[in-house]
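Geometric and topological summary
Read off the chains here:
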Amino acid sequence: MARGAESAGRRVLPFGIDGPPQIAALVGGAALTALAAPAALIRGAPPLVPLGTALVAATLTGCVACYLHATLRGKFLVWRELVAGLGLRGGEKVLDLGCGSGAVLLQVARRLTTGQAVGVDLWRTQDQWRSDPRTLRANASAGGEGRRVGLCTADMTTLPFTDGCFDAVVTSMAVHNLRPVARRRAALAEAVRVLRPGGRLVMVDIWVGGRTEALAELGMRDVERHRVGPRMWWCGPLVPTSLITARKPGP
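Heads up: these notes are all about the structure in this document. Every value quoted in this text rests on a predicted model; they were computed, and no experiment measured them. (Residues numbered from 1 in each chain as written. Predicted model: local features only at pLDDT ≥ 70, side-chain atom pairs only at ≥ 80, totals over all residues. Heavy atoms only, no water.)

1. Some words on the pairing of strand 3 (residues 149–153)
Successive residues of a regular strand alternate their side chains across the two faces of the sheet. The following threshold applies: In this analysis, strands are considered paired if DSSP registers two or more bridges between them. Each helix is a run of H or I in the DSSP string that is no shorter than four residues. Each strand is a run of E no shorter than two, and both are numbered from the N terminus.
As defined by bridge partners, strand 2 (residues 116–121) adjoins strand 3 across five bridges and the pair is classed as parallel. The partner of Val120 across the bridge, within strand 3, is Cys152.

This is the structure we're talking about:
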């Protein structure tokens, strides 16, 4: 069972693995190339063939290790810091776009008292293994956050919420799954629409080219982009994760 590390002293809950097809492909490629190297040596292939195959196998194995660390531990460490940085006082209403099994949503809910953490998803297991509202509800109940969590099955490009009803919008490894690319901008527009004036957007994702420009065009202020670092390398430094933060103009 795939598990994600939560804060020290708390139960470790099953949150699933991001992008199951991708990690399956990496594991399969690493295994095949690892077997191909000695096979080439046995067949009497030129020395460079098994050596090159072994190097590919080692590279893919490293990618698998990075990927598993990112999805099972790294993202929890990153989001623990980001949620703490939101400075939630307890009464806010926070939206999580593409909440999956609740890795980020429940960290937010844990910091609320009278507020609510609302998760939106289409619950596609190809995006995250164990992405299911029942899994999220079980995780929320096990951690004691159930009464502060709300769930909504919806497309993040057409959110069923009124304008300006959330104090913050967060999203982790979700927007890149939208295709074509125009749908990603639609999701950003919806995130901006449901934010109250002065509300904050915190996005962690891969392949984020053009998103800071799109947010600026949508009227967001203080738009910044930073690399998250090795804690969320999905295939070594070849597939890094970026953090994008922005604020909606207002009080």
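2. Overview of the nonpolar core
Here is a general trend for soluble globular proteins: nonpolar side chains tend to be buried in one another's company. Selection rule: Put simply, buried Ala, Val, Leu, Ile, Met, Phe, Trp, Tyr and Cys residues joined by side-chain atoms within 4.5 Å make one nonpolar core. Accessibility here uses a 1.4 Å probe with only protein chains present; expressed as a share of the type maximum, an area under 20% marks a residue as buried, one over 50% as exposed, and anything in between as partly exposed.
Counting residues in hydrophobic clusters, the biggest one holds 41 residues, and the most contacted among them are Trp79, Val108 and Trp234. Listing elements by their share of this core, those giving two or more residues are helix 1 (20–42), helix 2 (48–85), helix 3 (105–109), helix 4 (133–143), strand 4 (166–172) and strand 5 (195–205). By residue number, the principal contributor to this core is helix 2, which donates nine residues. Counting 28 residues, the second-largest nonpolar core is a separate cluster that includes Leu159, Val192, Leu195 and Val208.

3. Some thoughts on the sheet that holds strand 7 (residues 242–247)
Selection criterion: Angular values range over 0 to 180 degrees, each being the angle between N-to-C directions of two axes fitted as lines to C-alpha atoms, with helices fitted over their stretch in contact. Only heavy atoms enter the contact rule, under which two residues are in contact if any of them lie within 4.5 Å.
With respect to topology, seven strands assemble into an open sheet ordered 3-2-1-4-5-7-6, the strand pairing being mixed. The two strands at the open ends of the sheet, each matched to only one other strand, are strand 3 and strand 6 (221–227). Taking each pair of neighbouring strands and ignoring which way they run, the sheet shows an average axis angle of 15°. Contacts between helix 2 and the sheet are confined to strand 4, strand 5 and strand 7, with strand 5 contributing the most and set at about 170° to the helix.

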